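Coordinate analysis (summary)
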Amino acid sequence: MKVRLLVSEEKYTEIYKQLSAAGIEIDDSADLILSENNVCVKYLIGRQGDDIFRLDVREITHIESFAHDIIAYSGGAEYKLTERLRRLEEILDPKEFIRVSNSAIVAVHHIKSIRPAISQKYLLTLTDGSKVDVTRTYYYIFKEFLGI
């Protein structure tokens with residue numbers, strides 16, 4: 001059996017040893033995930049075709065959902081993730097990432113400019129040149145988060 005661990009660095013080694021001793025293999029590409037509440041991950045597992053990458057969350061500019069596909073943008077490349085946006089909201093640092101629509105999460109430190117739009121919306125330009133909308137549903141949450 002393969003399991004993926006989403007736990008704090010302090011507990012990772014201890015849990016890894018216990019699971020390995022029980023014959024459970026730890027693998028970042030496993031479908032079964034063992035996670036800890038209120039933990040912020042430093043890496044996400046992304047795929048490009050058959051290749052699997054460990055993505056540093058500090059390098060991710062934003063994450064978008066397209067139907068059933070979740071795409072992370074990092075270093076000018078696109079990586080498919082297995083987690084859903086709701087789960088990503090839980091495991092990404094809430095001081096560094098904010099949900100701006102039903103289909104997008106952005107890294108706050110990658111916001112280059114904010115342009116107000118009609119009907120309580122914002123248009124964000126990110127450091128990689130991408131543009132992401134802050135929708136009306138998230139307008140006040142975003143505004144309060146940034147203090148604008």
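Residues numbered from 1 in each chain as written. Predicted model: local features only at pLDDT ≥ 70, side-chain atom pairs only at ≥ 80, totals over all residues. Heavy atoms only, no water.

An unreviewed UniProt entry lists the chain under the name LytTr DNA-binding domain-containing protein, from Ruminococcus albus.

1. Details of the environment of Phe53
Which entries qualify depends on this criterion: Counting from the N terminus, the helices are the DSSP runs of H or I reaching at least four residues and the strands are the DSSP runs of E reaching at least two. The contact rule is simple, with two residues in contact once any of their heavy atoms fall within 4.5 Å.
Tracing the backbone shows Phe53 in strand S5 (residues 51-56). Along the chain, Phe53 and Ile70 lie 17 residues apart, while their C-alpha atoms are 15 Å from each other. Apart from residues lying up to four places away in sequence, Phe53 is in contact with Leu44, Ile45, Gly46, Gln48 and Tyr79.

2. Focus on the packing of aromatic side chains
To keep it simple, the criterion reads: Any two rings among Phe, Tyr and Trp, with Trp reduced to its six-membered ring, count as a pair given centres within 6.5 Å; such a pair is stacked if its planes are under 30 degrees apart, edge-to-face if over 60, and tilted if neither. Think of it in three bands: with a 1.4 Å probe and only protein chains considered, a residue is buried below 20% of the maximum accessible area for its type, exposed above 50%, and partly exposed in between. We call a charge positioned over a ring when the NZ of a Lys or the CZ of an Arg lies within 6 Å of the ring centre and within 35 degrees of the ring normal.
Counted under the stated rule, the structure contains 5 aromatic pairs. An angle of 65° between the planes, with centres 5.3 Å apart, marks the rings of Phe53 and Tyr79 as edge-to-face. Taken together, the positions of Phe53 in strand S5 and Tyr79 in strand S8 (residues 77-81) put the pair 26 residues apart, joining distant regions of the chain. Residue classification places Phe53 among the partly exposed residues on the basis of a relative accessible area of 30%. Tyr79 gets classed as buried once you look at its relative accessible area, which sits at 11%. One aromatic cluster is present, built from ring pairs that chain together Tyr122, Tyr139, Tyr140 and Phe142. Of note, Arg54 hangs over the ring of Tyr43, and the distance from its end group to the ring centre comes to 4.0 Å.

3. Topic: unusual backbone geometry
With phi around 65°, Ser119 is a residue other than glycine that occupies positive phi space. Here Ser119 shows up in the loop between strand S11 (111-117) and strand S12 (121-126). The phi dihedral of Gln120 is positive, around 50°, even though this residue is not glycine. Assessed through its relative accessible area of 35%, Gln120 is described here as partly exposed.

4. Things to note about the sheet that holds strand S1 (residues 2-6)
Rules: When DSSP finds two or more bridges between a pair of strands, those strands are recorded as paired.
If you walk across this open sheet you meet the 3 strands as S2-S1-S3, and the pairing is parallel. Each having just a single partner strand, strand S2 (25-26) and strand S3 (33-35) make up the two edges of the open sheet. Summarising the sheet, S1 and S3 pair through 3 bridges and their orientation is parallel. Bridge pairing in S3 links Arg4 to Ile33.

5. Describing helix H1 (residues 9-21)
Put simply, the rule is: For a helix, the expected span equals 1.5 Å multiplied by the residue count minus one.
Between its first and last C-alpha atoms H1 spans 19 Å; for 13 residues at 1.5 Å apiece the expected length is 18 Å, and the two agree. Looking one or two residues beyond H1, the residue adopting positive phi is Gly23, at roughly 85°.

6. Things to note about the domain arrangement of the chain
Under the convention used in this document: For every domain, the bounds stem from an assignment made automatically or drawn from a database. Buried area: the sum, over both parts, of the accessible surface (1.4 Å probe) that disappears when the two are put together. Identification of polar contacts relies on pairs of N or O atoms within 3.5 Å, with a donor-acceptor requirement for protein atoms, meaning one able to donate a hydrogen and the other able to accept it, and with residues adjacent in sequence counted only if both atoms are side-chain atoms. Each residue is assigned to one class: nonpolar for Ala, Val, Leu, Ile, Met, Phe, Trp, Tyr, Cys and Pro, charged for Asp, Glu, Lys and Arg, and polar for all the others, Gly among them.
Looking at the chain, the domain boundaries give domain 1 (2-35) and domain 2 (43-146). Centre-to-centre, using C-alpha coordinates, domain 1 lies 27 Å away from domain 2. Taken together, the contacts link 6 residues of domain 1 with 8 residues of domain 2. Between domain 1 and domain 2 lies a buried interface of about 540 Å² when both sides are counted; carbon and sulfur atoms form 48% of it. Of all residues in domain 1, the largest losses of buried area upon contact with domain 2 belong to Arg4, Asp28 and Ser29, amounting jointly to 65% of the total for that side. Where domain 1 packs against domain 2, one counts 0 residue pairs in polar contact (both at pLDDT 80 or more). When residues of the side of domain 1 that touches domain 2 are traced back to their parent elements, those giving at least two are S1 and S3. Among the residues making up the side of domain 1 that touches domain 2, the classes are represented as 2 nonpolar, 2 polar and 2 charged.

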